[in-house]
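A structural walkthrough
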Amino acid sequence: MWWLSSRSRLVAKPVADLEKKKKIFYALRCRDCSKVRVLNKAAIKLLKAYQLLLSPYVGMHCKYAPSCSQYACDCFNHYGFIKSFGLVVWRILRCNPWSRGGYDPAVKQTSH
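Residues numbered from 1 in each chain as written. Predicted model: local features only at pLDDT ≥ 70, side-chain atom pairs only at ≥ 80, totals over all residues. Heavy atoms only, no water.

With an unreviewed UniProt entry as reference, the chain is termed Putative membrane protein insertion efficiency factor, source organism Polynucleobacter hirudinilacicola. Per UniProt, the chain has the following entry under Function (unreviewed entry): "Could be involved in insertion of integral membrane proteins into the membrane." Quoted verbatim from the Subcellular location (unreviewed entry) field of UniProt, the annotation for the chain is "Cell membrane". (UniProt positions renumbered as here; feature names shortened; annotations may be inferred.)

Take a look at the structure:
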């Protein structure tokens, strides 16, 4: 029985090291994701504050079916911060007097 326990420690050590490396990798990966989530949450809070405090006084003149601020909230809920920021900037650039407007959701439905 003694040789089994000593042998199992030798075999289990590389597996334990691999498990430890996996935990460290996922911890670092999730830590980076949480920073992005914090940025997304902060952006959503700013947008909600705009929708509640400033938008009623400025007026609701968006040509698109989900307003630009709601489009931005949807983007920040679904995508990462950088992609969302790019999509929102592109949407604001498209929202001009010469555009047709219409229905333009942030998250497009795909058929598989």
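And the narrative resumes.
**Side note on the environment of Tyr-103**
Examined against the element boundaries, Tyr-103 turns out to sit in the segment after helix 3 (81-94). Using a relative accessible area of 67% as the deciding quantity, one classes Tyr-103 as exposed. For the pair formed by Tyr-103 and Lys-63, sequence separation is 40 residues and the distance between their alpha carbons is 8.8 Å. Excluding its chain neighbours within four sequence positions, the residues that come into contact with Tyr-103 are Ala-65 and Pro-66. (Helix = DSSP H or I, 4+ residues; strand = E, 2+ residues; numbered from the N terminus. Buried < 20%, exposed > 50% of the residue type's maximum accessible area, 1.4 Å probe, protein only. Contact = heavy atoms within 4.5 Å.)

**Observations regarding the packing of aromatic side chains**
The final tally for this structure, using the stated rule, is 2 aromatic pairs. Seen from their ring centres, Phe-76 and Phe-81 are 5.7 Å apart, and the 35° between their planes marks the pair as tilted. A relative accessible area of 7% places Phe-76 in the buried class. Geometrically, the ring pair formed by Phe-81 and Phe-85 is stacked, given 6.3 Å between the ring centres and 20° between the ring planes. (Phe/Tyr/Trp six-rings, centres within 6.5 Å; stacked < 30°, edge-to-face > 60°.)

**Thoughts on the state of the cysteines**
Inspection of the entire model under this criterion finds 0 disulfides. There is no disulfide at Cys-75, and the cysteine sulfur nearest it, in Cys-73, is 9.4 Å away. Of the residues examined, Cys-75 reaches a relative accessible area of 0% and is grouped as buried. Looking at Cys-95, it has no disulfide partner, and the nearest cysteine sulfur is the one in Cys-68, 4.0 Å off. According to the relative accessible area criterion, Cys-95 is partly exposed, its value standing at 29%. (Disulfide = S-S within 2.5 Å.)

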